[in-house]
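# Descriptive analysis of the structure
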Amino acid sequence: MRSGFVLLALLVVAPAVYAQTPSADWRTVETPHFRVHYPRDYEAWALRAASRLESMREAVTKEVGFVPPQTIDVLVVNPLALPNGAAIPLLDTPRMIFFAEPPGPDEQIGAYGHWIDLLAVHEITHLVHLLRPTRNPWERLLEKTVLPVSPIARAAPRWVTEGYATVIEGRLTGAGRPSSTVRALILRRWAQNGRLPSYGQLNSNRSFLGASMAYLMGSAFLEWLEQRRGPDALRSLWLRLTARHRRSFDEAFTGVFGDSAERLYGRFVAEVTASAMAIDRASELREGELWQETTFASGDPAVSPDGKQIAVVLRPRDLPQRLVVWKTDAPAEEEKRFEERLKKLLERDPEDVAPLRVKPLPRKAVHELTMPDGGDIVTPRWTGDGKAIVFAHRVPDGDGVMHWDLYRWDFERLQRVTHLADVRDADASGVAVRNRYGASQLVHVNLDSGEVTPRNEASIDVVYHHPRTSGGHLAYVAHRTGRWTLFVDERAIELPGDASSAEWISDDALVVTVSSGGFAELYRVSLDGSASALTRSAGGAFEAAPSPDGRVFFMSLEPHGFVLRVLPADALPPAPRPPLDAALVPAIPPQPAQPAVFAAQELPPSRKYGIGRQELDWLTGQSYAPHHRALEAGIRLGDVVGRLDTLLIASIGRDDAPQGAALATAWRGWPVELQAHLFTTNDVGTGFSRSAGGVKPAPTSGVEVRASWTRRWPLHRVTLEGGALSDDFAFGAASFSTRQLFGTWRVEEALRVEADDGHSRAILTAALRSKSLRIAARLQHDDGAVTLGGLASSILPRSAYARRVLDPALPLATLSGEGYDGWRIESNVPSTPLTAFYQRHELGAARLSLAGLELALNVDPIPLAKFPGLDLTLGAARVFDAPLQNETKWWLGMRWRP
């Protein structure tokens, strides 16, 4: 299948390609080059975006130097309640996905004129850039028939594609990452610590912000290359990559810039480091002291009303987030234990040397909370009496779409305050932010009942952030007219930069982070509008948490993550920062470009989505296993949202593999999913026994009809199914799954029960996960006639296998009889996609065991890529018992499903 070639890339960004549920009230509006699809609730956001897409496309094509002729499908969604976007550069059916959730001021994408403009320009650039076809006639033929992806999309590394879209986002919007404080701060701080990524790490690595370096370092490196070679250099690179003469990326790059990308990148890193060190030498820091070292994206500190405790969210790389509460006084107990351990160490070896102490000791948590689902915890805030903490956490609705809700934790009991309310960033008084359907507003939440009352009108043009009350005053930060502004009682207070995370330090003054010129510092702001700097930091000063004793805790950025620092109450004010030379870019931001004007065009009336525009594509599959050889080919017809998906497949098989054809379709436009599967086949591979076991064979033709309904909760999921296979039998099934945390282990359990005329089945599975380790077990019991072995075929419906126990290592009907018990244990193989397993089958008096390695992939349909569901298994196993004792079997199985 052509779309199959981009499957792995899509799996990497899988969360970004999920749509809202297909059963939502979808609508479509069209412009000359775009079809915008959106649920009705997102109409204001979607129409604002659609009205400017054509002018954005015109500006991007002029900048990139290419005009793609394709019409682009755009989906407006918000399934994760996070700001994001994605582009899928298929030459025949390009797509864009817009997440409507607006970002806050402290995020990497928090510098924008309008969130819709920044997001759309970035994603349009991806497609205009990556839809440029090859000029090689043979490759052009491949693009049209097999692999609908351009040479740039195939050959250019991620730092090029993401870096270039970031460059253009800044050039056309006059905002974005290139001219932001965040990019300059990160690159400068990493350079000062010798932690800038190597060329090999530039695309992505597991270090803190490693995946972001393709955007941050990639855009800065491309800007540097343009300055050396000229403004048309990148256009020349794209032309060489798509030339009639085939070239690798390295060949195309060297031909434009005169040397390899790796060597020039080394020179660029040296220059950035020199600039960063020059700034470091000129800096006279006033940033207090390191109070506690934390890692990765830890943060959101909040001091208790009495000043004796501080709450912080710890977000380690591979473990669930934890909300911890520490004492704010000196760590006497920790120091005592440290001195006792050190004393014993030196007594045992007097010639040993005591360690140098440059960092504070890890503090013992007074209280600690991990959410039952292991999910996120953000913006904790103490209640006025100091007896509980209110915070926000994402939970799924019944369709799996995520929403922000408030929770209260009193250190003994966890209580959910709101239900699918889309609220976060709450103050102790209950003032909070609601972002819903792309619009932002201030609301009041009754922290006892959970009732939400709007305080102002929701807006897609204004974004609210971090409301806080004190002494009858309300302070918040809002994004209006291209910048983040501090407001107190609806009065704007002018500051020397973008404001974020305002906290009351007294009833008449606030402490606010102000970002400007590549630096983020704390300012004390009085109600009369006067402001004075409190810090002059190396890693920025974010998320201030004032204490009643006058100290101010805050987060600061280091290459391993955010750390918690504290500014003493008697801290001296910092000296003004001296002016910096523009030659220090990108260690400081460049001057922002003059933003383009994106004119809004009049749109035609929107229409109901209906079944959507049905798109045709072809697919193939192959299966090889003991006594099973099959080649499948067919076509897929479906729409971009995934309401209607249809497969027409034919199979040519040998040995036990069935031959025939099938027409399978799924309708997901209602809360209950409906499926129909018509098939005709020979009886090879469909019978339940090749021996005279008296087992009834499956039909060789017929139709399966099936209905299913799924409901999700934060920790549970239920699926109910029912249907019939022709007039042979009716069937029903129920599945229940749950998950929970025990320390660092995540426990996942599932029970599935199936029944039809004369046969029943129960399957119980359990899995333990911790970091990258997974251990699982599976138990199965069948009552009734069963046959063992074989692979599943795409042309047969699932109910045709209701009385078979599939095992790809075993030929069809290796064993058959009445009643079955089986179990399997498995574990992933570290640093590989493989699973090691041991499996045992018991059928009547027969026993059969085997062990092996398997790669299994179960992909739900990805309608954005015209990709149907796929079950893939590849592996090998050793059989320990008769009739295949000591034989080694291998297999490859592919089964398509709508």
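You'll find the structure just up there.
The rules behind these values
- Residues numbered from 1 in each chain as written.
- Predicted model: local features only at pLDDT ≥ 70, side-chain atom pairs only at ≥ 80, totals over all residues.
- Heavy atoms only, no water.
- Helix = DSSP H or I, 4+ residues; strand = E, 2+ residues; numbered from the N terminus.
- Rg over C-alpha atoms; globule rule 2.2 N^0.38 Å.
- Buried < 20%, exposed > 50% of the residue type's maximum accessible area, 1.4 Å probe, protein only.
- Contact = heavy atoms within 4.5 Å.
- Areas by Shrake-Rupley, 256 points an atom, 1.4 Å probe, with all protein chains shown as cover.
- Lys, Arg positive; Asp, Glu negative; His and termini not counted.
- Charge placed at Lys NZ, Arg CZ, Asp CG, Glu CD.
- Pairing = 2+ DSSP bridges.
- Expected span 1.5 Å × (residues − 1).
- Arc of directions from axis to C-beta.
- Salt bridge = Lys/Arg side-chain N within 4 Å of Asp/Glu carboxyl O.
- Axes fitted to C-alpha atoms, helices over the stretch in contact; angles between N-to-C directions.

So, on to the overall build of the protein. A count of helices and strands for the protein gives twelve helices and 47 strands. Relative to the compact-globule value of 29 Å for 898 residues, the protein shows a C-alpha radius of gyration of 30 Å, a close match. Structurally, the protein occupies a C-alpha span of about 95 × 70 × 65 Å along its principal axes. For the protein, with 898 residues in total, the buried portion stands at 55%. At a minimum sequence separation of 6, the contacts of the protein that also span at least 24 residues come to 55%. Surface accessibility of the protein: about 37,300 Å² in total, with carbon and sulfur atoms responsible for 54%. The positive charge centre, built from 100 side chains, and the negative charge centre, built from 105, are 4 Å apart in the protein.

This next bit is on the pairing of strand β2 (residues 34–39). The buried fraction of β2 amounts to six of the six residues, a majority that puts the element mostly inside the structure. On β2, burial covers both faces: F34, V36 and Y38 on one face and R35, H37 and P39 on the other are all buried. As judged from the six bridges shared by strand β1 (residues 26–31) and β2, these two strands associate in the antiparallel manner. By the bridge assignment for β2, T28 is matched with H37. The antiparallel pairing of β1 with β2 creates a hairpin that spans two residues between the two strands.

Below, the discussion takes up helix α12 (residues 332–348). For α12, with 17 residues, the first-to-last C-alpha span of 24 Å sits near the 24 Å given by 1.5 Å per residue. Every buried residue of α12 is listed here: E334, F338 and L342. Along α12, the residues classed as buried sweep out an arc of 60° about the axis, all on the same side. More than 90 degrees from the buried face of α12, the exposed residues found are A332, K336, K343, K344, E347 and R348.

To continue, consider the pattern of salt bridges. The final tally for this structure, using the stated rule, is 58 salt bridges. Two residues, R286 and E284, come together in a salt bridge whose shortest N-O distance is 3.1 Å. For E284, a relative accessible area of 41% corresponds to the partly exposed category. For R769, the salt bridge identified is with E748, shortest N-O distance 3.1 Å. Placement of the pair is R769 in strand β40 (residues 759–770) and E748 in strand β39 (residues 745–756), with a sequence separation of 21 residues.

Here we come to the sheet that holds strand β11 (residues 378–382). Strand order in this open sheet of four strands is β11-β12-β13-β14, and the pairing throughout is antiparallel. Bordering the open sheet on either side are β11 and β14 (414–416), each of which pairs with just one other strand. Across this sheet, the average inter-strand angle for adjacent strands is 35°, counted without regard to direction. The sheet contact formed by strand β13 (residues 402–409) and β14 spans three bridges and is antiparallel. Across the sheet, the residue bridging to W409 is L414, located in β14.

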